[in-house]
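Close look at the chain arrangement
The residues making up each chain are set out below.
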There are 2 protein chains.
Amino acid sequence: MHNPFIQISGSKRSLHVQVAREIARKILSGEVAQNEIIPSEMVLCEQFSVSRTALREAIKLLTSKGLLESKPKVGTRVKSRDNWNFLDAQLLDWVIDLGDNAFVYQEFLALRKAIEPEAAALAAQNATAQQRILLSATFQQMDYVSKNFDAKQWMEVDMEFHRLVFLSTGNSFYLPFANVLCTMFKSFISHSSEKGGTCIGEHRAIYSAIMAGDAEKAREANKRLLDTTNHRLPTSN
Amino acid sequence: MHNPFIQISGSKRSLHVQVAREIARKILSGEVAQNEIIPSEMVLCEQFSVSRTALREAIKLLTSKGLLESKPKVGTRVKSRDNWNFLDAQLLDWVIDLGDNAFVYQEFLALRKAIEPEAAALAAQNATAQQRILLSATFQQMDYVSKNFDAKQWMEVDMEFHRLVFLSTGNSFYLPFANVLCTMFKSFISHSSEKGGTCIGEHRAIYSAIMAGDAEKAREANKRLLDTTNHRLPTSN
DNA sequence: CCCTTATAATTATCATATAATAGCGATTGA
DNA sequence: TCAATCGCTATTATATGATAATTATAAGGG
């Protein structure tokens, strides 16, 4: 009863994640409407050619991210959009795969503008000695890559820089943004890499302010960075 | 082999959620260290007196929230703290249950200060007609409750007000904050309800600015509100 | 000493059976 | 006729046992 097609077509990830991904796609794209009851377990098992175990694990995964809700006798219902946890990296990955990404990028930029300046300010206040060392090393790589430019390398070091800022806030609620940001950066290569526009100056200002422990300066520097990258349109990979 | 004790001691929720909650508690409290391998499925099944089905669903739930990671042969490992999704309402609920809440409240306030002013500004720009109607109705209730004060009612209407602001942003990434905020408000009754300190004036300013479509005014008004509630210490329920 | 292969431990998946839940209709009594 | 109660049934929830896939570790060979 094993269907190798799904194994091959999907990634190397586990079966229930592949099934979850397919169901998520239908929900996120609107192919399955909100508040709608999806087919019963038995039907979906046949549809995906997987066991109830795998299917139920997929449904549980989507439930955890706020996409579904199951009840005996009544079935499994698609929850309304305000319950979908877009701040979950895996869900965000599925969203990005839909392709409607210029809009997602703009929405994400609006989030960054709210959260990153404050994160930089908090990092200036709370970064540990080790985090400052990491940030320092990362910025030096950044500086190097900006002079010997390579799009992929820049994305990686840029991502690592901002990731470290979030981790250095010392605030639990800022931590998840690190993963969300990484997911976005990986999906939008060249999001800020056009014609050498690496904004190294703005990054240096953020870096210096954090190292100096100057929260206000870090906040303002990060605002400037985001205002600079404002108009750039993303290129999906 | 069914153990009724767990059914009774836990809530009315499903078995795997109860098991997940217990494991989450051990992880979040540090009783189980980060990067540590937890006991195998068989051992945990006996420990919790549940079937492998229930236990595995519990582990899958925690995996989805970034707390665990499983591999064949190697086992199930506790992920490092920067992978825990504190912006998941269910996980936050577990965190709150640990009791160490004054600190969590302060961290959450630091998040609100970053996100809420921008959310208010976006809401002023993007709220739909229906959302404005809802916000209007909610503020009127708020106004009423502030004059006929009741702590629980105030919490509910205050929560609903800020929730609506997030939903009115029209930005997917702001939506999850609505649920996170609700979870926090429900857990910290009287977080801003001391001696009639309902901040109705500040709320009115936010409300008016959003209805008028004045983003800058909405942002500033929300900043004022959060600076006002700054020093208040929470009381856990 | 390194590379390959075999082993074993653990999770992953499958299959089937039984229990709990709750919508819905039938039945009954006023 | 209406309303409350009871029983039926579809669906998910949980349990159990078996088999497959994965990979760290050890064994063996060059």
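Bear in mind the structure is a predicted one, so any value in this text is a computation, not a measurement. (Residues numbered from 1 in each chain as written. Chains lettered and ligands numbered in written order. Predicted model: local features only at pLDDT ≥ 70, side-chain atom pairs only at ≥ 80, totals over all residues. Heavy atoms only, no water.)

Considering the overall build of chain A
For chain A, the helix and strand inventory stands at eleven helices and three strands. Each helix and strand of chain A, placed in order from N terminus to C terminus, yields the pattern α-α-β-α-α-β-β-α-α-α-α-α-α-α. (Helix = DSSP H or I, 4+ residues; strand = E, 2+ residues; numbered from the N terminus.)

A word on the interface of chain B and chain A
Every contact between the two is made by 35 residues of chain B and, on the other side, 35 residues of chain A. Of the roughly 3,200 Å² buried between chain B and chain A on both sides combined, carbon and sulfur atoms contribute 58%. Inspection of the chain B/chain A interface yields four salt bridges. Between Arg 56 of chain A and Glu 57 of chain B there is a salt bridge; the shortest N-O distance is 3.3 Å. On the surface where chain B and chain A come into contact, there are 17 residue pairs in polar contact (both at pLDDT 80 or more). Those elements giving two or more residues to the side of chain B that touches chain A turn out to be helix 4 (52–64), helix 6 (101–126), helix 8 (151–167) and helix 9 (175–187) of chain B. (Contact = heavy atoms within 4.5 Å. Buried area = accessible area lost by both parts, 1.4 Å probe. Salt bridge = Lys/Arg side-chain N within 4 Å of Asp/Glu carboxyl O. Polar contact = N/O pair within 3.5 Å; in protein donor to acceptor, adjacent residues only side chain to side chain.)

Section: the pattern of salt bridges
On inspection of all chains with the given rule, the structure shows 30 salt bridges over all chains. Arg 52 of chain B is the partner of Glu 41 of chain B in a salt bridge, and the nearest nitrogen-oxygen pair spans 2.7 Å. With Glu 41 of chain B in helix 3 (residues 41–48) and Arg 52 of chain B in helix 4, the pair connects residues that are eleven residues apart, well separated along the chain. Connected through shared salt-bridge partners, Glu 41, Arg 52, Arg 56 and Lys 60 of chain A together with Glu 57 of chain B make up one network.

Here's the deal with the packing of aromatic side chains
Here the structure, examined in full by the defined rule, presents 15 aromatic pairs over all chains. Here the aromatic residues Phe 166, Tyr 174 and Phe 177 of chain A together with Phe 166, Tyr 174 and Phe 177 of chain B are joined through ring pairs into a cluster of three or more. (Phe/Tyr/Trp six-rings, centres within 6.5 Å; stacked < 30°, edge-to-face > 60°.)

Thoughts on the nonpolar core
Judged by nonpolar contacts, the single largest core of 152 residues is most densely connected at Leu 111 and Phe 177 of chain A together with Leu 111 and Phe 177 of chain B. Filtering out sequence-adjacent residues up to four positions away, Phe 177 of chain A remains in contact with Leu 87, Leu 111, Ile 115 and Phe 166 of chain A together with Leu 87, Leu 111 and Phe 177 of chain B. (Core = buried A, V, L, I, M, F, W, Y, C linked by side-chain atoms within 4.5 Å. Buried < 20%, exposed > 50% of the residue type's maximum accessible area, 1.4 Å probe, protein only.)

Here's the deal with the confidence of the model for chain A
Residue and element names in this part refer to chain A. Mean pLDDT over chain A works out to 90, with 88% of the residues at or above the 70 mark. Mean pLDDT across the secondary structure elements of chain A bottoms out at helix 1 (residues 4–9), with 35, and peaks at helix 4 (residues 52–64), with 98. Scored below 50 in pLDDT, residues 1–10 makes eight contacts in the model with residues more than four places away or belonging to other chains. (pLDDT = per-residue confidence, 0-100.)

Brief notes about the relation of the copies chain B and chain A
Each of the two chain copies can be generated from the other by rotation about an axis followed by a shift along it. Each copy superposes on the other: chain B lies on chain A with an RMSD of 0.0 Å after a rotation of 180 degrees and an axial shift of 0.0 Å. As the rotation angle and translation indicate, the two copies are arranged about a two-fold axis. In this assembly the copies share their binding face: 100% of the residues contributing to the interface of chain B also contribute to that of chain A. (Least-squares fit on C-alpha atoms with pLDDT ≥ 70 in both.)

Focus on the side chain of Asp 158 of chain B
Residues and elements named next belong to chain B. Within the fold, Asp 158 resides in helix 8. Comment: no salt bridge for buried Asp 158; closest opposite-charge side chain is Arg 112, at 5.8 Å. A distance of 3.1 Å separates a polar atom in the side chain of Asp 158 from a polar atom in the side chain of His 203. (Lys, Arg positive; Asp, Glu negative; His and termini not counted.)

Points about the sheet that holds strand 2 (residues 68–71) of chain A
Neighbouring strands of a sheet are bound in pairs by backbone hydrogen bonds; such pairs are parallel or else antiparallel. Residues and elements named next belong to chain A. Overall, antiparallel pairing links the three strands, which are arranged 1-3-2 in an open sheet. Pairing within the sheet leaves two strands with one partner each, and these edge strands are strand 1 (37–38) and strand 2. In this sheet, strand 3 (residues 75–78) lies alongside strand 1 in antiparallel orientation, the contact comprising two bridges. The residue bridging Ile 38 from the neighbouring strand is Thr 76, located in strand 3. Taken strand by strand, helix 4 contacts strand 2 and strand 3, and its axis lies near 120 degrees from that of strand 2. (Pairing = 2+ DSSP bridges. Axes fitted to C-alpha atoms, helices over the stretch in contact; angles between N-to-C directions.)

Here's the deal with unusual backbone geometry
All names here are of chain A. In this structure, Lys 73 takes a positive phi of about 75 degrees despite not being glycine. Tracing the backbone shows Lys 73 in the loop between strand 2 and strand 3. Classification of Lys 73 as exposed rests on a relative accessible area of 87%.

Points about the packing of helix 6 (residues 101–126) of chain A against helix 10 (residues 200–212) of chain A
Residue and element names in this part refer to chain A. With their axes 7 Å apart at the nearest point, helix 6 and helix 10 run at an angle of 35 degrees to one another. Contacts between helix 6 and helix 10 involve Ala 120, Ala 123 and Ala 124 from the former and Ile 206, Ala 209 and Ile 210 from the latter. Here the contact of helix 6 with helix 10 is built from residues that sort into six nonpolar, no polar and no charged. (Nonpolar A, V, L, I, M, F, W, Y, C, P; charged D, E, K, R; others polar.)

A few points about helix 11 (residues 215–228) of chain B
All names here are of chain B. Helix length check: helix 11 (14 residues) gives 20 Å between terminal C-alpha atoms against 20 Å at 1.5 Å per residue, within 8%. Every buried residue of helix 11 is accounted for by Ala 215, Ala 218, Arg 219, Ala 221, Asn 222, Leu 225 and Leu 226. End-on, the buried residues of helix 11 take up no more than an arc of 165 degrees, which puts them together on one face. Where helix 11 is buried, its residues meet helix 6, helix 8 and helix 10 (200–212). Backbone nitrogen of Glu 216 and a side-chain oxygen of the N-cap are separated by 3.4 Å at the start of helix 11; the cap is Asp 214. (Expected span 1.5 Å × (residues − 1). Arc of directions from axis to C-beta.)

Considering the sheet that holds strand 1 (residues 37–38) of chain B
Spatial strand order, 1-3-2 (chain B): three strands in an open sheet with antiparallel pairing. Both edges of this open sheet fall to strand 1 and strand 2 (68–71) of chain B, since each of them pairs with a single strand only.

With respect to the environment of Cys 45 of chain A
All names here are of chain A. Structurally, Cys 45 is set in helix 3 (residues 41–48). A relative accessible area of 8% places Cys 45 in the buried class. In the structure, Cys 45 is positioned ten residues away from Leu 55 in sequence and 6.3 Å away in space, judged by C-alpha atoms. Excluding anything up to four places from it in sequence, Cys 45 contacts Val 50, Ser 51, Arg 52 and Leu 55.

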